[in-house]
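# Coordinate analysis (summary)
Each chain is listed here by its residues.
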Amino acid sequence: MTTNITFQLNGREKTVQAHPMARLLDVLRQDCSLTGTKEGCGEGECGACTVIIDGRAVMSCMVPVCQVHGSKVESIEGLESMGADGQTCLHLIQEAFIKCGGAQCGICTPGMIMAAVAYLRQPESAPGGVAEALEGNLCRCTGYTRIFESVKTAIDRMKTGANQSR
Amino acid sequence: MTPSNPTYQYVGKSVLRNEGRNKVTGRAVYVDDIATPGALYAKTIRSTVACGRIKDIQFGPGIPWDEFTVVDVRDIPHNVVELIKADQPVLCDGVVRHREEPILLIAHPDKGMVENAAREIKITYEVEPAILEIGPGAVQTEYLIVEGDVDAAFASSDIVFEETYQTGSQEHVYIEPNGFIAEWQGDRIVLHGSLQCPYYVVKAVKMCFGIEEKQVEVIQETTGGGFGGKEEFPNVVALHAALLAKKSGKPVRLIYDRQEDMACSTKRHPSVSRVKIGVSRDGVLKALDFDFQIDAGAYVTLSPVVLSRGVLHAGGCYRWPAARIRGRSFTTNSPPYGAFRGFGAPQSLFATECAINAVADRLGMDPAEFRRKNFLHKGDKMPTGQVLDVEPNLDAMLDRVIAMSGWAEKRASMKKGSGRGVGLATILHGTGFTGSGEVYLQSRVALAGRADGKVDILVGSTEIGQGTETIFRQIAAEALRLPMEQVEFHKIRTSAVPNSGPTVASRTCSVVGRLVQRAAEQMFEKLDGKSVAEYVKANGSLRTETQFEPRPGLKWDDATYKGSAYGAYSWMCNVAEVQVDPVTATPKVETIFATVDIGTLINPTLAYGQVEGGVAQAVGWATSEKVTLRDGVMANCQMTNYIIPTSVDAPDIQLEFMPTPDPFGAFGAKGVGEMPMDGPAPAVTAAIGHAINKTISAIPATPEDLIS
Amino acid sequence: MRTNLADYECLTPGSVREALEQRATGRKLIPIAGGTDVMVWMNDGHLGKVGKVYQSLHALAGEWRYVKTDTEGNLRIGALATYSDVRHHEDVKKNYPMLVHSAQVTGAIQIQNRGTLAGNIANGSPAADTVPALMVYDAKLRLVNASGERVVELSEFFTGYRANVLKEEELISEIILPKPRFAADQQYYRKVGTREAQAISKVVFAGANDGKGNVRMAWGSVAPITLRSKKTEDAVAAGAAADDAWAILQTEITPIDDIRSTRDYRLKVSQRILADFLGKVHQ
Ligand code: FES
Ligand code: FES
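Criteria and thresholds
Residues numbered from 1 in each chain as written. Chains lettered and ligands numbered in written order. Predicted model: local features only at pLDDT ≥ 70, side-chain atom pairs only at ≥ 80, totals over all residues. Heavy atoms only, no water. Helix = DSSP H or I, 4+ residues; strand = E, 2+ residues; numbered from the N terminus. Rg over C-alpha atoms; globule rule 2.2 N^0.38 Å. Buried < 20%, exposed > 50% of the residue type's maximum accessible area, 1.4 Å probe, protein only. Contact = heavy atoms within 4.5 Å. Phe/Tyr/Trp six-rings, centres within 6.5 Å; stacked < 30°, edge-to-face > 60°. Lys NZ or Arg CZ within 6 Å of the ring centre and 35° of its normal. Buried area = accessible area lost by both parts, 1.4 Å probe. Salt bridge = Lys/Arg side-chain N within 4 Å of Asp/Glu carboxyl O. Polar contact = N/O pair within 3.5 Å; in protein donor to acceptor, adjacent residues only side chain to side chain. Nonpolar A, V, L, I, M, F, W, Y, C, P; charged D, E, K, R; others polar. Axes fitted to C-alpha atoms, helices over the stretch in contact; angles between N-to-C directions. Parallel < 35°, antiparallel > 145°, perpendicular 65-115°, else oblique. Core = buried A, V, L, I, M, F, W, Y, C linked by side-chain atoms within 4.5 Å. Domains from an automatic or database assignment. Disulfide = S-S within 2.5 Å.

Counting its secondary structure elements, chain A contains 5 helices and 7 strands. Scanning chain A from its N terminus toward the C terminus, one meets helices and strands in the order β-β-α-β-β-β-β-β-α-α-α-α. Relative to a compact globule of 166 residues, whose C-alpha radius of gyration would be 15 Å, chain A shows 16 Å and is just as compact. Burial statistics for chain A: of 166 residues in total, 66% are counted as buried. In chain A, the share of contacts with a sequence separation of at least 24, taken over all contacts with a separation of at least 6, comes to 53%.

As a further point, take the packing of aromatic side chains. The description of an aromatic ring pair uses the distance of the two centres, along with the angle that the planes make with each other. Scanning all chains against the criterion turns up 22 aromatic pairs over all chains. With centroids separated by 6.0 Å and ring planes inclined at 45°, the aromatic side chains of Tyr569 of chain B and Trp571 of chain B adopt a geometry described as tilted. For the residue pair Tyr569 of chain B and Trp571 of chain B, the accessibility class agrees, reading buried in each case. A ring pair is formed by Phe157 of chain C and Phe158 of chain C, whose centres lie 5.3 Å apart and whose planes are at 80°; its orientation type is edge-to-face. By relative accessible area, which is 0% here, Phe157 of chain C ends up buried. Judged by its relative accessible area of 8%, Phe158 of chain C is buried. The structure contains a cluster of three or more aromatic residues connected by ring pairs, namely Tyr188, Phe205, Trp219 and Phe277 of chain C. Between the NZ or CZ atom of Arg268 of chain B and the centre of the ring of Phe340 of chain B, over which it lies, the distance is 4.3 Å. If you follow Arg507 of chain B out to its NZ or CZ, it ends over the ring of Phe433 of chain B, 5.7 Å from the centre.

It is worth spelling out the interface of chain A and chain B at this point. Contact with chain A, which involves 41 residues of that partner, is made by 50 residues of chain B. When chain A packs against chain B, the two sides together hide about 3,600 Å² of surface, and 55% of this comes from carbon and sulfur. Taken as a group, Ile98, Gln104 and Arg140 of chain A account for 23% of the area that chain A buries against chain B, more than any other trio of residues on that side. Where Arg140 of chain A meets Glu625 of chain B, a salt bridge forms, and the shortest distance between an N and an O atom there is 2.7 Å. Our count for the contact surface shared by chain A and chain B stands at 26 residue pairs in polar contact (both at pLDDT 80 or more). Put simply, the parts of the chain that give the side of chain A that touches chain B at least two residues each are α2 (92–100), α3 (109–121) and α5 (145–159) of chain A. At 5 residues, α2 of chain A tops the list of elements feeding residues into the side of chain A that touches chain B. Residues that form the side of chain A that touches chain B fall into these classes: 19 nonpolar, 12 polar and 10 charged.

What follows covers the packing of helix α8 (residues 345–363) of chain B against helix α9 (residues 367–374) of chain B. All names here are of chain B. Where α8 meets α9, the axes come as close as 9 Å, and the angle between the chain directions of the two elements is 110°. On the basis of their axis angle, the class for α8 and α9 is roughly perpendicular. Across the interface between the two elements, Glu353, Ile356, Asn357, Val359, Ala360 and Leu363 from α8 touch Pro367, Phe370 and Arg371 from α9. Split by residue class, the contact of α8 with α9 holds 6 nonpolar, 1 polar and 2 charged.

It is worth spelling out the interface of chain B and chain C at this point. Contacts between the two partners involve 35 residues from chain B and, on the opposite side, 26 residues from chain C. Each partner contributes to the roughly 2,500 Å² buried at the junction of chain B and chain C, and carbon and sulfur atoms together form 48% of this total. It is Val583, Glu704 and Ile707 of chain B in chain B that bury the most area against chain C; as a group they hold 24% of the surface buried on that side. On the surface where chain B and chain C come into contact, there are 4 salt bridges.

Counting 183 residues, the largest nonpolar core has Leu99, Ile121, Leu154 and Trp219 of chain C as its most contacted members. Counting residues per element, this core draws most heavily on α8 of chain B, which supplies 11 residues. Taken together, domain 1 (37–49 + 51–129 + 173–264) and domain 2 (139–170 + 267–434 + 563–707) of chain B each give at least three residues to this core, which thus spans both. Beyond its immediate sequence surroundings of up to four residues, Leu99 of chain C is in contact with Leu75, Ile77, Val86, Val92, Leu117, Thr130, Ala133, Leu134, Tyr137 and Leu177 of chain C. Counting residues in hydrophobic clusters, the runner-up holds 56 residues, among them Ile98, Cys108, Ala116 and Tyr144 of chain A.

A separate point is the state of the cysteines. Residue and element names in this part refer to chain B. In this structure the tally under the stated criterion is 0 disulfides over all chains. The structure places no disulfide on Cys509, whose sulfur is separated from the nearest cysteine sulfur, that of Cys197, by 17 Å. Here Cys573 stays free of any disulfide, with the sulfur of Cys317 as its closest cysteine sulfur at 6.8 Å.

Okay, the domain arrangement of chain B next. Residue and element names in this part refer to chain B. If you check the domain split of chain B, you get domain 1 (37–49 + 51–129 + 173–264), domain 2 (139–170 + 267–434 + 563–707) and domain 3 (443–547). Just the C-alpha atoms count here: the centres of domain 1 and domain 3 sit 34 Å apart. At the interface, 18 residues of domain 1 touch 15 residues of domain 3. Overall, the association of domain 1 and domain 3 removes approximately 1,300 Å² of surface from exposure, summing both partners, and the carbon and sulfur fraction of that is 52%. If you sort the residues of domain 1 by the area they bury against domain 3, Gln196, Tyr199 and Gln220 come out on top, with a joint share of 44%. Here domain 1 is connected to domain 3 by 2 salt bridges. A salt bridge links Glu217 to Arg493; the nearest nitrogen and oxygen atoms lie 3.5 Å apart. For the interface between domain 1 and domain 3, the tally reads 11 residue pairs in polar contact (both at pLDDT 80 or more). Residue assignment for the side of domain 1 that touches domain 3 shows that the elements contributing at least two residues are α4 (198–209) and β11 (216–220). Examining the composition of the side of domain 1 that touches domain 3, we find that 5 residues originate from one element, β11, more than from any other.

Right, let's get into the pattern of salt bridges. With the rule as written, the count across this model stands at 80 salt bridges over all chains. For Arg274 of chain B, the salt bridge identified is with Asp291 of chain B, shortest N-O distance 3.1 Å. Residue Arg274 of chain B is located in strand β13 (residues 271–279), and its partner Asp291 of chain B is located in strand β14 (residues 285–297); the two are separated by 17 residues in the primary sequence. Exposure remark for Asp291 of chain B: the relative accessible area of 6% places this residue in the buried category. When the shortest N-O distance is used, the salt bridge between Asp289 of chain B and Arg324 of chain B registers 2.9 Å. Here Asp289 of chain B, found in strand β14, pairs with Arg324 of chain B, found in strand β15 (residues 322–331); they are 35 residues apart in sequence, far enough to count as distant. Among the residues examined, Arg324 of chain B registers a relative accessible area of 23% and is labelled partly exposed. Salt bridges linked by common partners bring Arg29 and Lys38 of chain A together with Asp32, Asp33 and Arg253 of chain B together as one network.

Further remarks concern the side chain of His172 of chain B. Tracing the backbone shows His172 of chain B in the loop between β8 (159–167) and β9 (179–185). Overall, the relative accessible area of 0% leaves His172 of chain B in the buried class. Apart from residues lying up to four places away in sequence, His172 of chain B is in contact with Arg140 of chain A together with Gly226, Phe227, Gly228, Gly229, Thr266, Lys267, Ala339 and Phe340 of chain B.

So this is what it looks like as structure tokens:
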């Protein structure tokens, strides 16, 4: 059984035909060819598949696609913006991850960045701060130190208005 | 602070990661991201018993088996996974030697159908008793190193200390599971994979199919973590994918899910170490007798080399007038254990460091002062007979870590059993392959100038997160005196890049980097002031190649296990600060302080990242990462039940680098990646022991162990 | 992902009425609220053991996703309210601190953004982190079907390991917490997990004691179901000392060895938690 599901994906309307229980993760990676969202476990534990649905970070391996009908879904591919010069322009959190060494092997990075973006937009979602905001994103490479530094750098830059967080 | 040579343009600078932009935008392509229209999805059917014989295989009803490609042992030209010893079959040959042993391979265009079909294959066995622990089984490999008159040295010791230490297995938990995509193009096989050692795969495929090296093309895709777990294990995955692709004539995707990956892939060797130490009353070490045993699992794989590194590090960073070190690996009915960051050294050093702390305790000495009396210095002899030709600088490193951590005040203020504690461990780690290993490898690298004026770095050394692409570009650009933008890292496909050896043993930056440096220096001379574009235009091509040359004076004898085990050593002093919850007995590692000597830091940000990541893994190994074995296989094979540190659990990590450069490493670099795995565990257990006033002699030290 | 989705069906009702009518047909429908349990079974290839036909309740959010205090002062948590909805709600923060705490230690933020308390109750895992807290707050569940509703005590909802009184045609529509009975310093919550975040509990405890004879104690991960230790409560209310209370508690909990911990550890920790609770909250 498949059904039509319509949602907003990175700002554009998208309709897919899928089994209602298909994992949003698979729909993004296969039906939408957006492979930036990664699968590390499929059991809601690693956070590599994190996307933002209606403003909140969620694990896309835990979401049956029928549940995003009518929702706004944002994946890592939607973070870049088009600069005035026609060049794509990184989100400041992406820049911070490059600068501070927040990405090593990179497999956790898209999910980590999406969780961080949700936090930057809504710091009250994690009263415990950056560590709590990222507790659902496992990284085996970094020991998290440089990831924290990346997020803090982005927060500082946001405060000084160096870039606009969307 | 990180010193850097002001005369260098790139070396010592935190140049941004080469592939960083692709990784933060989601554009980096990992093997599972490659679209393969028309490909088959594959699955491996595995044994459900640890030891026995296959009696019968039934293909159940309700599955359209004619639509499936099924590979069994009869489809394999040469049923061996080529590595050190030709004992591991590609598919089980009828005799099951461990659980999760591959028996059949199936593939179909519909992934869901593959899952259903896998459930309908019923295999029955004649079960035989399994050996699931170190001891009763056959000894696979054995080493013995003796230096000095050990028995006499013990006889003249005031105190003789003896204890047994155990370390558990550890799963790598690279966040990207293993995977390959295989496709035959005529008589040539193309393999895309997640891997550390492309030429290991080439060799395994070549031998299994009986084909020429040029018929095998291995392409490394962006690799989501390795830590040793993608050193030798990918050979098996690649062979399985290649067999299915051969039989079906179609491209085949064999991508493991997390549970399969955890259950069947290699892990850190569990170990048991019996340590006997003789010491004088005033705290001078006299003798060491070390019996090191590891569980190798069902096949040899890399266990002899892991055992070797464990044995060679067992003496730690101390002067022993006499030492006897014996190492044995045992065959069991567990899936083969394999390479994991540190490669045997963390296991033996855990025992050494625990014992050193215990002896200091017995003597009533501060463990820092006890160490200071016994540290290795330039000119001292190690158990292999190697004479240290550089001063390790351990006294200064120890002083610094003690100051950083507030060691003295904390030890004084935290009473034993108060729930808080600090612990110390000081370790060394040999750079690169053991003794003759590097000579045997004969690693090669090449640099090639292009018509557009750029230079390609051609190596088989993989980027697995540690920064290979970036540091090699830094090294090459520095030696070529070219802007870094003009130096590119060539994608690894074995038809295009030479074999620079495996990406293991902390050898990439120091040893292979040195080859890159030399190739770049040769190219600089060749250019003789011309630009790359000019030279290529005038001469048609520009290429330099270098091959490993042993450092002068380095001798190693495999037969006697004597000589210079490693050309260079890295050093690290660790202090752990721990709190143990009085209600739940849960240890919380709050901070790891460390001073680190990895020689020159080619890229400080990357170096910090490597050490911090290793420390976090070591802390996990020491405390929460318990591989629960049932039938010799990992029963807790989910991320939910195998507990690695989250962002909230990971300790605060305070590092200071104190480099003593190695003149034979790239711009003075020594090994980096593995060493941080060695010291934190014994530092943590010492701290826990202090906090709860108990001796900890086994890891992981879980709350279940600590509460009683 | 070890499931062939083609073998399964999933209904997507658009309203509570439609959902309950679908359930009234006599078909066995497995409800999906936030999906954080069902999707794990699907990944593991275990859907077949659970059921063939599923029913996503997500579109009922307009009716059932709320957290509010009613005119009588009861807190009402709609069946589709997520952990995040609950832990960040002002009334909850003010009156039910253990609920905030227990929601905050459930999974990670991504799971809290999806998972629902009602789903967690219906799933019946004895390791559920919020259920002991809810029990101590005397939570009731409103169970509805196409033709009516009933209200049951949460502490009487579970009948055995992952078994409960819910009928096939019913759904949990809301969780009702009476007006808070205990002051903040009369409450005690403790989760003992496998690590500090994203952990499944090895022992989880919620307790409250007003020193005037009102005592509540609920335990997770130490029995096939989350349970109130009522005999121990009575003893404590009557002034029993820690040792005596422990002797009674041992007759109420039955921890086992499993992949995450041991019976022995769970017993020792339960004893220490009990003592800590008695020592800290209203002796
Ligand atoms: S893949 Fe979704 S949480 Fe790991
Ligand atoms: S960078 Fe490799 S897992 Fe995080």
